[in-house]
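Structure assessment
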Amino acid sequence: MSIFGQSLYSMLGVPETESEKAFDTYRFYLECFKDDLKEEYSNLDNLAKKIWAEYQSLTFGTGTIDQKIIRRFLFIAWNTEYLAKTNISPDVEVIKISNQWRPIQAYYSIYSAGEAVSYVLNGTLTESHAKCIKNLNTFFVERAKIRPWYFAYSGNNRKGFTPHNLPSGAKPINNLSRKNTKHIDVIATCLQAEHRNRIDDFEPRKLTKEQKKKGEKKLLKVDYDPKYTTLLNFLYRLRIKSNYKDAEIFISNSPDSYVKDFSKNLSILVNATLILLEMLIIKQWGLANFEKLFNDYLKSIKLPNANGELPIKQRMEIYKKIISIK
């Protein structure tokens, strides 16, 4: 429905089409993850303190870390994050177009840093989206229990889904509910829905002759459990939606405030997630090595005034402040 050439969604925030409903669902999921961060930590300094304290209680492998590998992936992460930041415009129509690409940039920034973390944790490169996210999910859900990254669902359609680390009483609700909702319930809705999406994406494979000889049975979709589904899987879903399947979702005629908040909240999640990942690298590699790499990166940026716009520069100041605390 439109009034004077404007959609009801853009005027009143009431989604009608499937694209509008999808965008409103995703932008609200992002808003609730942001709200959880704000309620739990208030600011990035407190988040970093919590993360660093948690990491001190954990032990990791002590293998040699190849600086070239860390450099490769972190430079990709930082460049991608910077590119996303420079695309911000005061013009809401430009932001709307940028929102189609922002999930791709957000995801690749996190994924690249995630590859470095997966390497630090396991001593080997995965260079696989699925394996990298699986490694990170297992680590954060089972060991470094820091919200909201340790919230998860697992399970299959036959036996049902199991929530992990969600607060007592948190429950999935209708994804279009907006009145009297709790952000933790919306997060549960997001993760459960994404877990179901991952199962729906699964295509059972035919058994090989060798598998049949061994008596193995074909894994049915109803029995498929993709293991932990977390915020990282949701961000991967956004990337697929914006890159391949449903780009029109992100340029729907939504209210200006929704367009701006989608971009802003996605950037907040990227910044917070990179703190989570970078501090783990620092824990294993040392602040001095990380800072040297950071300084090398600054030298490689030749764009005018780039240093003042680099989120990594702001995070570096937090790291030096937090890690110097005895």
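In what follows, the structure referred to is the one given above.
For the structure given in this document, a descriptive report is provided here.

About the criteria used
Residues numbered from 1 in each chain as written. Predicted model: local features only at pLDDT ≥ 70, side-chain atom pairs only at ≥ 80, totals over all residues. Heavy atoms only, no water. Helix = DSSP H or I, 4+ residues; strand = E, 2+ residues; numbered from the N terminus. Expected span 1.5 Å × (residues − 1). Buried < 20%, exposed > 50% of the residue type's maximum accessible area, 1.4 Å probe, protein only. Contact = heavy atoms within 4.5 Å. Patch = residues over 30% accessible without salt bridge, like charges linked within 9 Å, V, L, I, M, F, W, Y side chains within 5 Å. Areas by Shrake-Rupley, 256 points an atom, 1.4 Å probe, with all protein chains shown as cover. Salt bridge = Lys/Arg side-chain N within 4 Å of Asp/Glu carboxyl O. Lys, Arg positive; Asp, Glu negative; His and termini not counted. Charge placed at Lys NZ, Arg CZ, Asp CG, Glu CD. Phe/Tyr/Trp six-rings, centres within 6.5 Å; stacked < 30°, edge-to-face > 60°. Pairing = 2+ DSSP bridges.

For helix 9 (residues 231–245), spanning 15 residues, the distance from its first C-alpha to its last is 20 Å, which sits close to the expected 21 Å at 1.5 Å a residue. Listed in full, the buried residues belonging to helix 9 are L231, L232, N233, F234, L235, R237, L238, R239, I240, K241 and S242. The secondary structure elements touched by the buried residues of helix 9 are helix 2 (18–41), helix 5 (92–122), helix 6 (129–142), helix 7 (183–201) and helix 10 (256–285).

Moving on, we come to a positive patch on the surface. Taken together, the side chains of K206, K209, K212, K213 and K218 make up a positively charged region of the molecular surface. Within the element layout of this structure, K218 appears in the loop between helix 8 (209–213) and helix 9. Overall, K218 belongs to the partly exposed group, its relative accessible area being 43%.

Looking now at the packing of aromatic side chains. Throughout the structure, instances matching the rule amount to 18 aromatic pairs. Each ring, one from Y107 and one from Y111, has its centre 5.8 Å from the other, and the planes form 10°; the classification is stacked. Of this pair, Y107 and Y111 both sit in helix 5, separated by four residues, roughly a single helical turn. Both residues of the pair, Y107 and Y111, count as buried. Put simply, the rings of F75, W78, F290, Y297 and Y319 pair up and form one aromatic cluster.

Along strand 3 (residues 152–156), five of the five residues are buried, which leaves the element largely enclosed by surrounding structure. The side-chain alternation of strand 3 yields two buried faces, one formed by A152, S154 and N156 and the other by Y153 and G155. As paired elements, strand 3 and strand 4 (residues 160–164) share five bridges and run antiparallel to each other. By the bridge assignment, A152 is partnered in strand 4 with H164.

For residues other than glycine, phi is negative in most cases, and the peptide bonds are mostly trans. Going from R147 to P148, the amide bond is cis rather than trans, its omega being 0°. Position of P148 relative to the elements: it lies in the loop between helix 6 and strand 3. Phi is positive for S42, which is not a glycine, with a value near 70°. Under the relative-accessibility criterion, S42 is labelled exposed at 56%. With a phi close to 55°, N180 is a non-glycine residue in the positive phi region. In this structure, N180 sits in the loop between strand 4 and helix 7.

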